[in-house]
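Take a look at the letters that make up each chain.
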Amino acid sequence: PNVCAVQKLIGTNRKYFTNCKQWYQRKICGKSTVISYECCPGYEKVPGEKGCPAALPLSNIYETLGVVGSATTQLYSDRSNLRPEIEGPGSFTIFAPSNEAWASLSAETLDSLVSNVNIELLNALRYHMVNKRVLTDDLKHGTTLNSMYQDLPIQIHHYPNGIVTVNCARLLKADHHATNGVVHVIDKVIATTTNSIQQIIETEESLETLRAAVAASDLNSLLESEGQYTLLAPTNEAFEKIPRETLNRILGDPEALRDLLHHHILKSAMCAEAIIAGLTMETLEGTTLDVGCSGEELTLNGKPIIANKDVLATNGVIHFVNELLIPDSAKTLFELAQESEVSKSTDLFRQAGLSSHLTGSEQVTLLAPVNDVFKDGLPVIDSNMKNLLLNHIVRDQLSSKYLYHGQKLQTLGDKELRVFVYRNNLCIENACIAAHDKRGRFGTLFSVDKMLTPPSGSGMDVLKATLVAAIQSAGLTENLNRPGTFTVFAPTNEAFRAMPQGELNKLMGNAKELANILKFHVADEILVSGAVGALVRLKSMQGDKLEVSMKNNIIHINKEPVAESDIMATNGVIYAVNSVLQPQASRPQERGDEPADPALEIFKQASALSKVSQRNPRLAPVYSRILARMKENSGGF
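Conventions adopted
Residues numbered from 1 in each chain as written. Predicted model: local features only at pLDDT ≥ 70, side-chain atom pairs only at ≥ 80, totals over all residues. Heavy atoms only, no water. Helix = DSSP H or I, 4+ residues; strand = E, 2+ residues; numbered from the N terminus. Polar contact = N/O pair within 3.5 Å; in protein donor to acceptor, adjacent residues only side chain to side chain. Contact = heavy atoms within 4.5 Å. Buried < 20%, exposed > 50% of the residue type's maximum accessible area, 1.4 Å probe, protein only. Arc of directions from axis to C-beta. pLDDT = per-residue confidence, 0-100. Salt bridge = Lys/Arg side-chain N within 4 Å of Asp/Glu carboxyl O. Pairing = 2+ DSSP bridges. Axes fitted to C-alpha atoms, helices over the stretch in contact; angles between N-to-C directions. Disulfide = S-S within 2.5 Å.

A. Region of interest: the side chain of E429. Here E429 shows up in the loop between β25 (426-428) and β26 (431-432). A distance of 2.7 Å separates the side chain of E429 from the side chain of R418, its partner in a polar contact. Apart from residues lying up to four places away in sequence, E429 is in contact with E416, L417, R418, F420, L452, T453, P455, V528 and M568.

Structure (structure tokens):
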């Protein structure tokens, strides 16, 4: 009974009364802790008994100060003539600085207090007092208590991790009852606060540049208003570290400047002593910052850039920072990309002379391949590569969360790109988004997993140059011109050569059986490689299932490896395979006088879609032979 748990920093006498959810980490600001159990305030051990069963007799506040480790506060109470009041009748609360808190004051500050003991020291001590009994359960987050010095407010913050602060001084020992009140021991000597955040900015020389920026963005009224904010105030030095061109651009752009300043303001007051581990805080801009600590230093996004902490204001707290925190919304596309895993892409765009699209005020979305795509080096810049890069820049500033399946996007290279939404991925043509969007001032960055392959014409565009007779005789013109969403697993020349000659001749002589086999290679939906996880099942036009899987970064169809993936066409996607896929069982033969099957007609395009004949010569000759044989042997095609 009456045992309290406390986190103690190993090797120090520092204690933290955190809630039990924090214990499992066994660390405070990266330093190891141990959970210690001790008697709760007002109780003591009894030999041979468990816990702390014996209640201590209550004494007045003055005598209690000596018991709880605040003998210096007790001494100064005597010197300042406060002792009679805290020994006498009444109901008071005193936030008593620990002995170490008094010792940490500068000699100048301490001299100013004790040199005129009846005035300054008494006023300072009475500011630590409240004219009623207040226990920790009454110390609610964001509330204020009127002190016994001119009713000036004392700011209370009670954080979710269990830490309680009083004017940003941490409660060390709480709820020590006395006959005339209660004593809480804190780790600092607190001072009166009369200035708002804005007033502190106006008087602090090291914040001169920030002062001008606040005035230019009309934030003065916000920083003067009531509330509880945390300002991460960039010093003059922080602004000087930014390239002059970048700084001038932001200062000259009211929207970017507002976002920059809002990114430095947290929505709630966060005292340094309350931060015992990393946590995510929301800014006024709507973004988040990772606020943490490492030893005695506070960190922002993992970097120890806070130069001066816990400058208290009437409407919050200020931490001085020596680096400017520029949000994505104030950056150009080039700046976003340089700080991401797509920096090699920006080098490629720069070499191609396309930097102006990434640094200006043009509203675009950049589809930037991640650096791993270029692990073997950057491609050579020529006219074809420049056109391809232009097709990686989409007109308009987009957000991936608003993209939908089948959506068409226009590029600066005048190509139309399709959006494919899958269960495990979001893809634009063959390139799938590999990271969260980064939305800049005018442009948005999509990191993608490969170079984009824009579709290059319909099958009819290519086929009518070489197979016009077969197309016309089969009545395929309308089918080959219509849009579609097909995935074709097209056997290569090698696939047909691998078949026994007798079997191949038999297949080529039976148009219906050939049609049945070929339909097994077609699915009526588009599946790009980025959407393939462990296993995806597609229904073929023949009726049986096709199993598409990814093993060792290679696409497999029915356990056969694919030779080439993502050959994009305006009405589908083609995979080149080195084997002829066989359905599990033959389907009933179709009547020869039935209309041509659209799926088969699309398959007839396989060698031509996306101008495959130019990219993969292994495909086209075989399909010319197939079409010719089908024309000779079947009246239905």
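That covers the picture; the talk isn't over yet.
B. Summary view of the environment of N425. Tracing the backbone shows N425 in the loop between β24 (416-421) and β25. A sequence separation of 106 residues divides N425 from A531, and the C-alpha atoms of the two residues are 5.7 Å apart. In contact with N425, other than residues within four places in its own chain, are F420, C432, I433 and G530. Of note is the side chain of N425, whose polar atom sits 2.7 Å from the backbone oxygen of G530.

C. Representation of helix α21 (residues 501-508). Every buried residue of α21 is accounted for by L504, L507 and M508. Relative to the axis of α21, the buried residues are bounded by an arc of 95° and lie together on one face. Exposed residues pointing more than 90 degrees away from the buried face of α21 are listed as G502 and K506.

D. Structural view of unusual backbone geometry. The residue C168 is not glycine, and still its phi comes out positive at about 70°. Within the secondary structure, C168 sits in the loop between β11 (164-166) and β12 (169-178). Judged by relative accessible area, C168 falls into the buried class, the value being 2%. Although it is not a glycine, N553 sits at a positive phi angle of roughly 65°. By the secondary structure assignment, N553 is in the loop between β32 (545-551) and β33 (554-557).

E. Highlighting the confidence of the model for the protein chain. Scored by pLDDT, the protein chain has a mean of 85; 86% of the residues are at 70 or more. Within the protein chain, the element-level pLDDT minimum falls on helix α18 (residues 468-474), averaging 32, and the maximum on strand β8 (residues 129-130), averaging 98. Long-range and interchain partners of residues 586-596, a stretch whose pLDDT sits below 50, account for 20 contacts in this model, where long-range means more than four residues apart. Across residues 598-614, confidence stays below pLDDT 50; counting only partners more than four residues off in sequence or on other chains, it has 69 contacts.

F. Representation of the environment of S329. With respect to the helices and strands, the residue S329 is situated in the loop between β20 (316-321) and α13 (333-338). Sequence-wise, S329 and L257 are 72 residues apart; in three dimensions their C-alpha atoms are separated by 9.8 Å. Contact partners of S329, with chain neighbours within four places excluded, come to D259, E285, R439, G440 and R441. Among the polar contacts listed, one links the side chain of S329 to the side chain of E285, at a separation of 2.3 Å.

G. Layout of the side chain of T411. Looking at where T411 falls in the secondary structure, it is placed in the loop between β23 (408-410) and β24. Owing to a relative accessible area of 0%, T411 belongs among the buried residues under this scheme. Beyond its immediate chain neighbours, meaning those up to four positions away, T411 contacts L390, N391, I393, V394, R395 and L417.

H. Structural context of the pattern of salt bridges. Under the defined criterion, the tally for this structure stands at 22 salt bridges. In this structure, R441 engages D253 in a salt bridge whose closest nitrogen and oxygen atoms are separated by 2.8 Å. You can see R441 sitting in the loop between β27 (438-439) and β28 (444-448) and its partner D253 sitting in the loop between α11 (244-251) and α12 (254-262), a full 188 residues away along the chain. You'll find R441 and D253 in the same group, each marked buried. R395 is the partner of D414 in a salt bridge, and the nearest nitrogen-oxygen pair spans 3.2 Å. Taken as a pair, D414 in the loop between β23 and β24 and R395 in strand β22 (residues 393-395) lie far apart in primary sequence, 19 residues in all. For R395, a relative accessible area of 41% corresponds to the partly exposed category.

I. How the structure looks around the sheet that holds strand β30 (residues 522-523). As summarised here, the arrangement of the seven strands in space is β30-β29-β35-β34-β33-β32-β31, forming an open sheet in which the pairing is mixed. Of all the strands in the sheet, the pair left with one neighbour each is β30 and β31 (536-539). Sheet analysis places β33 next to strand β34 (residues 560-569), joined by two bridges and oriented antiparallel. Bridge pairing links H556 to P561 in β34.

J. How the structure looks around the pairing of β24. Relative to β24, β23 runs antiparallel, the two sharing three bridges. Its bridge partner lying in β24, L409 is registered against L417. Following β23, the chain reverses through five residues before pairing antiparallel with β24; D414 in that reversal takes a positive phi of roughly 65°. Hairpin connection between β24 and β25: a loop of four residues separates the two successive antiparallel strands.

K. Structural context of the sheet that holds strand β16 (residues 279-282). Here three strands make up an open sheet; going across it, the order is β16-β17-β18 and the pairing antiparallel. A single partner strand is all that each edge strand has here, and the edge strands are β16 and β18 (297-300). Within the sheet, the average angular offset between the axes of one strand and its neighbour, ignoring direction, is 30°. Alignment of β16 against strand β17 (residues 288-294), held across four bridges, turns out to be antiparallel. Counterpart to M281 in the pairing with β17 is L289.

L. Quick look at the state of the cysteines. In this structure the tally under the stated criterion is five disulfides. At a sulfur-sulfur separation of 2.0 Å, the disulfide partner of C29 is C293. Around the S-S axis, the bridge from C29 to C293 shows a dihedral of about -95° and counts as left-handed. Separated by 264 residues along the polypeptide, C29 in the loop between β3 (27-28) and β4 (31-39) and C293 in strand β17 bring together distant segments of the chain. Paired through a disulfide, C168 and C271 show a sulfur-sulfur distance of 2.0 Å. Across the disulfide from C168 to C271, rotation about the S-S bond amounts to roughly -70°, and the bridge is consequently left-handed.

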